[in-house]
Each structure stands twice: as C-alpha cells, then as structure tokens.
Amino acid sequence: ARPAAGSSPVQSSNGNREVMARKFVTWTVGPDSGQSERFDQEQTPGSVLAELTRYLTDPRVLNERAFFSCGVWALPEGASDVSEVDADDPARSTYMHVGGRCTDLTLEVRVADEEGHTHCIVAREPVGDPEAWVELSWGVGGGSTYTTTLHPEEIMTGEQAVPFFRDYVLDGALPSSGLLRGTDI
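Residues numbered from 1 in each chain as written. Predicted model: local features only at pLDDT ≥ 70, side-chain atom pairs only at ≥ 80, totals over all residues. Heavy atoms only, no water.

Could you clarify how one ought to interpret the overall build of the chain in this entry?
Counting its regular elements, the chain contains two helices and 11 strands. By residue count, 42% of the 185 residues in the chain fall in the buried class. Here the contacts in the chain between residues at least 6 apart in sequence split such that 59% fall between residues at least 24 apart. A total accessible area of about 9700 Å² is found for the chain, and carbon and sulfur atoms account for 48% of it. (Helix = DSSP H or I, 4+ residues; strand = E, 2+ residues; numbered from the N terminus. Buried < 20%, exposed > 50% of the residue type's maximum accessible area, 1.4 Å probe, protein only. Contact = heavy atoms within 4.5 Å. Areas by Shrake-Rupley, 256 points an atom, 1.4 Å probe, with all protein chains shown as cover.)

In structure tokens, the structure reads:
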C-alpha cells in the first residue's frame, strides 16, 4: 500500500513495513517572546496544519503585537522526536515560514542543498511585471520595523498562504518553480 500523505514507510521491529507520520517542529517569533519552537509528540500532519492555519488566519496571533513570524520544519525521515535531530542536520535548515501580519505577509521556503541552502520568496501567482516592486513592513518590537522589498504578487494574506503550508505539511511539496524567486539571506 502507498504511504499516506504526510507519512513515510519505515521498518518495524518485526521487519514489516509500517507507515510513520512525518513529525514537525513549528515556531513563532514575537516582539517580546523572541523565537519559540514547539514540538508535540502526539501530533499528526493534520494537527500541525490546523495549528499553522490558526497562526496564519487568526488576527489575534499574527498581528506583529503577539507574533510577526511563524514557520515549520519537518524532522528527517525515521526521526520520531526532535531530540533525535542534530543541531547541524540539514532538516533544520529546510523549512517554510512567513513574516508580517495575517493581512499582509511574505512567504518563504528554504531547502538544504550541497552548497548550504536555497532560500526563495513565494508568489501567490506568477509575477506579472518583474520591474514592479513594493515595500512590506512590520514591527519587530522595541520600536523597530523590518522592511522588505517584494513583487506585488509576493505579498499575500494568511488565508492565501494556507494552501502552500497544506501542500508542504501533508504532501512534502514545495510551491512550483514558477512561483519561486531565489534570494540571498
């Protein structure tokens, strides 16, 4: 049988193939709390997606007062607990995250590769005019503001970001290359 979405086959102690759901670490970054990672041993891909959906769409959460960023990374295949993942494991530098507010944010993906990693900004639709640029700013605490320059199509709402997170969490899929713009971070 084919593994369920968000799962990978593993060998059980009796030698039979079983399906193990992928495990994830989520995080938030807030102006007062800084970065806070969360790992729930009882999670399912569906519960992780529900948590991220709430972060992305609830105006009380991603509003630059409580949090201005959230993200997710998957434990490597075969790992069932975050304590099993070394600090320098490439899985830790392969992730999807947003910055901004649930009403206007930027979505980014980072994938580990031979040279370190590739970091991309995600557009909600193909960029129409590669010469069109706008600024997106949000507060990061202490009276400071972070500003980034994006194509208009690279600014989206939390609702628009949810399907990208759904594909990443449930299927391990990244956005199509036509929606990605590489950047140096």
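Looking at this structure, I do not really get the pattern of salt bridges. What am I missing?
Pairs can form between side chains of opposite charge whenever their charged atoms are close. Across all of its chains, the model carries five salt bridges by this definition. Ionic pairing is found between arginine 101 and aspartate 104, a salt bridge with its closest N-O pair at 2.8 Å. For the pair shown, arginine 101 and aspartate 104 are each scored as buried. Arginine 181 is the partner of glutamate 154 in a salt bridge, and the nearest nitrogen-oxygen pair spans 2.8 Å. Residue glutamate 154 is found in the loop between β10 (144-150) and α2 (158-171), and its partner arginine 181 is found in strand β11 (residues 180-183); the two are separated by 27 residues along the sequence. (Salt bridge = Lys/Arg side-chain N within 4 Å of Asp/Glu carboxyl O.)

In this structure, what is going on with the packing of aromatic side chains? I would like to understand it.
Centre-to-centre distance and the angle between the planes together describe a pair of aromatic rings. As enumerated under the stated definition, the model contains two aromatic pairs in all. Taken together, a centroid distance of 5.1 Å and an interplanar angle of 45° make the contact between tryptophan 138 and tyrosine 146 tilted. Given the relative accessible area of 7%, tryptophan 138 is considered buried. Given a relative accessible area of 41%, tyrosine 146 falls into the partly exposed group. (Phe/Tyr/Trp six-rings, centres within 6.5 Å; stacked < 30°, edge-to-face > 60°.)

Which parts of the structure should I look at to understand helix α1 (residues 45-57)?
The periodicity of an α-helix, 3.6 residues per turn, causes residues three or four places apart in sequence to face the same way. Here α1 spans 18 Å end to end across 13 residues, near enough to the 18 Å set by a 1.5 Å rise per residue. Those residues of α1 lying buried are Pro45, Val48, Leu49, Glu51, Leu52, Tyr55 and Leu56. Looking straight down α1, one finds its buried side chains confined to an arc of 160°; they lie on one side. (Expected span 1.5 Å × (residues − 1). Arc of directions from axis to C-beta.)

It is not clear to me how the nonpolar core should be interpreted in this structure. Could you clarify?
Note on soluble globular proteins: their nonpolar side chains tend to be buried together. In terms of nonpolar packing, the biggest core is built from 27 residues, with Leu56, Val72, Met96, Val98, Leu107, Phe165 and Val169 touching the most fellow members. Looking at this core, the elements that each hand over two or more residues are α1, β5 (69-74), β6 (95-101), β7 (104-113), β8 (116-122) and α2. Counting residues per element, this core draws most heavily on α2, which supplies six residues. Membership of the second largest hydrophobic core comes to 15 residues, among which are Phe68, Ala79, Tyr95 and Trp138. (Core = buried A, V, L, I, M, F, W, Y, C linked by side-chain atoms within 4.5 Å.)

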